[in-house]
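# Examination of the molecular architecture
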Amino acid sequence: MLVYVPRDRFTSAIREQIGDLLAREFGGHVSAFTPFFPEGALVRVHYIIGRDASGGALEINSEQLEEQISALSQTWSDRLVLALKDQPAGVSSLTAKYGEAFDLGYMELFAVDRALDDIRRIERLSDEHPAAVDFEPARDAANAGAVRATVYRFDAPIPLSERVPVLENFGFRSIDERSFRITPKFGVSNRVVALHDMALEQVNGATADIAQHDEYLEAAFLAVRYGEADDDSFNRLVVSAGATWQEVAMLRAYAFYLRQLATPYGPDYIATTLAQYPALASDLIALFHARFEPDAKFDEAQRNAEQARLSARIEDALADVPSLDEDRIIRHIRNLMQATLRTNFFQRTDGRVPETISFKFASRDVDAMPQPKPFREVWVYSPRVEGVHLRFA
């Protein structure tokens, strides 16, 4: 049998794959092969297939066989171009932009399907948002239970010393890392996209429910990246308690206010306590929403009943907290929520959360506040500023 392969695609590996295909189709083995390199764009290979003695009558579909051989001779970039053409219009138009964008290291490790996912994520990048991240369960069986984090950034890569501590504060440890350079064609020039592929596992050995928390994790990672959220161990609550980064910021703000009141519990200890009891942290978040969320679907009586129910559930759960200090921390935060008269937490400007969170307290209801207690006190918190405003009365 004579097989013709484009010269620029012919390799020993492709020659062996075609020989294996012919041996399977003809029910035998490759007895001999002779490659010939004439002038022109094609390489000719003469295969001799020795059929097995047990082989029966042959029914060969020539067109199908030619398609299989053609598929074997396709390069990774060829398969990517074909896959892009089969995508919806918004992706299929990216053939020229991404047809030659991926480096050899990427092509050796990942299939075309993975490249399609990466292209969709890279398309989310802009000058205003030059970084993106995606969390998903690990695809390979060797890392079952692990989490795969893929970080994308225009131009310069993000150093490991910047990425790893952020992920550690989310409760992960990095067990594998690979970086690649993607060069899509932007107009007449190429702009490098750094892609960091990281395998993670939770420090506590648990299996993260990424299907449930991936959007929260992605938003929280970018909030830290852009300076909208603090980079500290409170961020473990995104996975352990299923909290948004804004809800984590609310709990962090209350914890930092406790420091202003000179309680003996530092923010790190409070963060560790909340992460140790994620169900209690989740109930505290629910209590805050029940008190202040303006879009809650119940009237004032129902709102009060929901607060009472959650407070009682927290009280019941505290019976199983063995440490007196941890018990007091949870009680202090619940008390601060109950002493809060109003907050700007739920305000939105053009869909964006406030840069600073403020709470107005009925100071005499705050158990941890030392005497003399003012009539009212306003606490303002953000990653850049903390402040207490006393309301004279």
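These remarks concern the structure in this document. (Residues numbered from 1 in each chain as written. Predicted model: local features only at pLDDT ≥ 70, side-chain atom pairs only at ≥ 80, totals over all residues. Heavy atoms only, no water.)

## Observations concerning the overall build of the chain
Along the backbone of the chain there are 15 helices and 13 strands. With respect to the principal axes defined by its C-alpha atoms, the chain has extents near 100 × 50 × 40 Å. For the chain, with 393 residues in total, the buried portion stands at 46%. Charge separation in the chain, taken as the distance between the mean sites of 43 positive and 59 negative side-chain charges, equals 5 Å. (Helix = DSSP H or I, 4+ residues; strand = E, 2+ residues; numbered from the N terminus. Buried < 20%, exposed > 50% of the residue type's maximum accessible area, 1.4 Å probe, protein only. Lys, Arg positive; Asp, Glu negative; His and termini not counted. Charge placed at Lys NZ, Arg CZ, Asp CG, Glu CD.)

## Examining the packing of helix 13 (residues 278-292) against helix 14 (residues 300-318)
For the pair helix 13 and helix 14, the least separation of the axes is 9 Å and the interaxial angle reads 160°. Judged on the interaxial angle alone, helix 14 and helix 13 are roughly antiparallel. Crossing angle aside, the handedness with which helix 13 passes helix 14 is left-handed. Taken together, the residues of helix 14 that come into contact with helix 13 (itself represented by Leu280, Asp283, Leu284, Ala286, Leu287, His289, Ala290, Arg291 and Phe292) are Arg303, Glu306, Gln307, Leu310, Arg313, Ile314, Ala317 and Leu318. Of the residues that constitute the contact of helix 13 with helix 14, the class distribution is 10 nonpolar, two polar and five charged. (Axes fitted to C-alpha atoms, helices over the stretch in contact; angles between N-to-C directions. Parallel < 35°, antiparallel > 145°, perpendicular 65-115°, else oblique. Left-handed = near helix turned anticlockwise from the far one by under 90°. Contact = heavy atoms within 4.5 Å. Nonpolar A, V, L, I, M, F, W, Y, C, P; charged D, E, K, R; others polar.)

## Some points on the nonpolar core
Ranked by internal contacts, the top residues of the largest apolar core, which has 73 residues, are Phe135 and Leu274. Broken down by element, the residue count for this core peaks at 11 residues, all from helix 11 (residues 245-260). For Leu274, the residues in contact, after removing those within four places along its chain, are Phe234, Leu237, Leu251, Ala281, Leu284, Ile330 and Ile333. (Core = buried A, V, L, I, M, F, W, Y, C linked by side-chain atoms within 4.5 Å.)

## Here we look at helix 9 (residues 210-225)
The largest bend in helix 9 comes to about 30°, at Tyr216. Turning to helix 9, its buried residues are Ile210, His213, Leu217, Glu218, Ala220, Phe221, Leu222, Ala223 and Val224. The elements touched by buried residues of helix 9 are strand 4 (131-137), strand 5 (147-154), helix 8 (160-169), strand 6 (172-182), helix 10 (237-240) and helix 11. Positive backbone phi, at 80°, marks Gly227, one or two positions downstream of helix 9. (Bend = angle between axes of the 7 residues up to and from the residue.)

## What to know about the sheet that holds strand 4
Pairing is antiparallel across the open sheet formed by four strands, whose spatial order is 4-5-9-6. In this open sheet, the two edge strands, each paired with only one partner strand, are strand 4 and strand 6. Mean inter-strand twist for the sheet, computed between neighbouring axes without regard to direction, equals 20°. Pairing of strand 4 with strand 5, which is carried by seven bridges, proceeds in the antiparallel orientation. For Val133, the partnering residue across the bridge sits in strand 5 and is Val151. (Pairing = 2+ DSSP bridges.)

## Digging into the environment of Asp327
Mapped onto the fold, Asp327 is located in helix 15 (residues 324-339). Remark: the alpha-carbon pair of Asp327 and Glu315, spanning 12 residues in sequence, is separated by 9.7 Å. The residues touching Asp327, leaving out its near neighbours within four places in the chain, are Leu318 and Val321.

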